[in-house]
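What the coordinates show
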Amino acid sequence: MLDHEQILIRRGPRSGLPVIIALHSTALGPAAGGLRLWHYPDWRDGLTDALRLSAAMTLKFAVTGLASGGGKTVVALPPGTWLDPARRRDVLHDVADQIDSLGGTYTVGPDVGTSPADMAVIGEVTPHVFCKPKHLGGSGDSSPHTAHGTLAALRAVSRRLYGESDLKGLRLGLIGLGHVGEHLARLLAAEGAHLTVTDIDPAKMKIADELGAAWSSPEEIVSTDVDILVPAALGGLLTTQVVGQLHCRAVVGPANNQLDTPETAELLHQRGILWIPDHVASAGGAVHAITTEVHHATPDEALARVQAIEGTVTELLRTADDLHVTLAQAGHEMAQRRIRAAAGLVPAEG
Ligand code: PHE
């Protein structure tokens, strides 16, 4: 069954590259979701990613209580492609034309492989873009806010597991020191957590040194004895095999699409490992951008909205207990309730 409202695939007239926009749902409001500019073996793999990621955006906004729908854009780069600045501009303008043609039904933001500077280039063509640099009137880099959102989710999980939201002394294994991962590592170190970190790039070891964190390899960190594992790299980490190796009580991180297949959530549940759905633990960046740029929140109000993810995770834990389901199913249930309420099918709550 086609779950998406609209899928637009066009070969960019300037770049010749496939530009894929997946609009999953506008039931709660105009859709939002980032532009992923990434390498895929085949453009169809990029399409698969766009379909999954856009559905996750719908859940992200519904669960965190924002009146936005879910979408995502993927530009599938053939393996080994490098974009020089002129070609990158062409790609971004191709993307911008396609977004503009949707007339505001969908607004793009940054995602893996794109930055506020790229959003500025898109902004030359269309107003439907989040996270332009601040001097151009946007809300800027969303990564620190994503990290704050994950921190909020970790506090809720810590309270559930150990009775207090303080992360001091907690043993955390952080996978990935990219934009979000590095911000998160710094926040967690400042909280007094005991960090073990890894990245595929060994040059990141100097961040570990600076923060007094232990360094592990990407292969070994998943079986390291920690309280909580924090995936902050590309998706697909949690496979049947990896779940079998885990030595932690919870998995809570900002990476998108952490499960290889939805059934893996069941496996985690059976092993008694709390898995906070990634669409909640990663929501801070999008929540900050939308509350700031659409709802004109002040910086304090936007931060409060990001920190409210702690309450959302607590509600998720409670819903899962009440319904005797996994947290992933509880997330779907909470999202569906909001979507049904918005459609006027049942009275809105909360
Ligand atoms: N990368 C962000 C996410 O996955 C996308 C985004 C950022 C969307 C900012 C809107 C605004 O949530």
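Residues numbered from 1 in each chain as written. Predicted model: local features only at pLDDT ≥ 70, side-chain atom pairs only at ≥ 80, totals over all residues. Heavy atoms only, no water.

Across all of its chains, the model carries 17 salt bridges by this definition. Ionic pairing is found between Asp111 and Lys72, a salt bridge with its closest N-O pair at 3.0 Å. Here Asp111, found in the loop between strand E5 (106–110) and helix H3 (116–123), pairs with Lys72, found in strand E4 (residues 69–77); they are 39 residues apart in sequence, far enough to count as distant. Glu191 is paired through a salt bridge with Arg155; the nearest N and O atoms lie 3.1 Å apart. With Glu191 in the loop between helix H5 (179–190) and strand E7 (194–198) and Arg155 in helix H4 (residues 143–162), this pair connects stretches of sequence that are 36 residues apart. Linked by salt bridges that have partners in common, Arg36, Asp49, Lys72 and Asp111 make up one network. (Salt bridge = Lys/Arg side-chain N within 4 Å of Asp/Glu carboxyl O. Helix = DSSP H or I, 4+ residues; strand = E, 2+ residues; numbered from the N terminus.)

Next up on the list: the domain arrangement of the protein chain. Reports of interface size often rely on the accessible area that becomes lost once the parts have come together. Partitioning the protein chain into structural domains gives domain 1 (6–58 + 71–136) and domain 2 (143–282 + 322–328). Relative placement of domain 1 and domain 2: their C-alpha centres are 27 Å apart. Taken together, the contact pairs nine residues of domain 1 with six residues of domain 2. Contact between domain 1 and domain 2 buries roughly 570 Å² in total, counting both sides, with carbon and sulfur atoms accounting for 45%. For the pair domain 1 and domain 2, the interface holds one residue pair in polar contact (both at pLDDT 80 or more). Only strand E3 (31–39) and helix H1 (43–64) provide two or more residues apiece to the side of domain 1 that touches domain 2. (Domains from an automatic or database assignment. Contact = heavy atoms within 4.5 Å. Buried area = accessible area lost by both parts, 1.4 Å probe. Polar contact = N/O pair within 3.5 Å; in protein donor to acceptor, adjacent residues only side chain to side chain.)

Its location among the elements puts Thr81 in the loop between E4 and helix H2 (85–100). Overall, Thr81 belongs to the buried group, its relative accessible area being 17%. Of the polar contacts made by the side chain of Thr81, one reaches the backbone oxygen of Pro78; its length is 2.3 Å. Other than its neighbours up to four places away in sequence, Thr81 contacts His39 and Arg87. (Buried < 20%, exposed > 50% of the residue type's maximum accessible area, 1.4 Å probe, protein only.)

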